[in-house]
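As a plain string of letters, each chain reads:
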Amino acid sequence: MAERMRAAGRFQGEFTAIVADLVGEPSARHYGALLLAGAHGIADMELSGHLDPGSLGSTADELVDTLVRMVANARAAT
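Now for a look at the structure at hand. Values in this document were obtained by computation on a predicted structure and should not be read as measured data.

Description of the overall build of the chain
- Counting its regular elements, the chain contains four helices and zero strands.
- Radius of gyration (C-alpha) of the chain: 15 Å, far over the 12 Å computed for a compact globule of 78 residues.
- Overall size of the chain, expressed as C-alpha extent along the three principal axes, is 40 × 40 × 15 Å.
- Considering the chain as a whole, with its 78 residues, one finds that 21% of them fall into the buried category.
- Contacts in the chain between residues far apart in sequence, at least 24 positions, make up 42% of those at least 6 positions apart.
- Surface summary for the chain: the accessible area is close to 5,800 Å², and the carbon and sulfur share equals 59%.
- With 6 positive and 10 negative side-chain charges, the chain shows a separation of 12 Å between the mean positions of the two kinds.

Encoded structure:
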């Protein structure tokens with residue numbers, strides 16, 4: 001368990017640094033949480049069969065790409 005916690009901590013630091021490059025340091029945690037929550041929700045919908053590209057017109061990959069683009073554009077909007 002302790003090893004998983006250390007690995008998660010390393011991942012969080014690296015992830016937050018990448019997000020900070022997109023949106024700036026002050027907003028990195030906020031947008032990082034948004035990205036993680038969105039990606040987890042998208043993955044859950046796909047795994048449960050609720051994300052049907054035929055009826056919704058998008059794949060999970062397309063939705064994640066859109067979410068990342070929206071976050072990347074957030075810096076320009078502020």
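Quick word on the environment of P53
- Mapped onto the fold, P53 is located in helix α3 (residues 53–56).
- C-alpha separation for the pair P53 and H30, spaced 23 residues apart in sequence, amounts to 29 Å.

Brief notes about the packing of aromatic side chains
- In this structure the tally under the stated criterion is one aromatic pair.
- On the numbers, 5.6 Å between centres and 20° between planes, the contact of F11 with F15 is stacked. Of this pair, F11 and F15 both sit in helix α1 (residues 2–23), separated by four residues, roughly a single helical turn.
- On the accessibility criterion, F11 (46% relative accessible area) is partly exposed.

Examining the nonpolar core
- F15, V19, A20, V23, A28, Y31, L35, L67, V71 and A74 together form the largest nonpolar core, which totals ten residues.
- Of all elements in the fold, only α1, α2 (28–48) and α4 (60–77) reach the threshold of two or more residues within this core.
- Per element, the largest residue contribution to this core is four residues, and it comes from α1.
- If we ignore the near neighbours within four places in the chain, the residues touching A20 are E25, A28 and R75.

Conventions adopted
Residues numbered from 1 in each chain as written. Predicted model: local features only at pLDDT ≥ 70, side-chain atom pairs only at ≥ 80, totals over all residues. Heavy atoms only, no water. Helix = DSSP H or I, 4+ residues; strand = E, 2+ residues; numbered from the N terminus. Rg over C-alpha atoms; globule rule 2.2 N^0.38 Å. Buried < 20%, exposed > 50% of the residue type's maximum accessible area, 1.4 Å probe, protein only. Contact = heavy atoms within 4.5 Å. Areas by Shrake-Rupley, 256 points an atom, 1.4 Å probe, with all protein chains shown as cover. Lys, Arg positive; Asp, Glu negative; His and termini not counted. Charge placed at Lys NZ, Arg CZ, Asp CG, Glu CD. Phe/Tyr/Trp six-rings, centres within 6.5 Å; stacked < 30°, edge-to-face > 60°. Core = buried A, V, L, I, M, F, W, Y, C linked by side-chain atoms within 4.5 Å.

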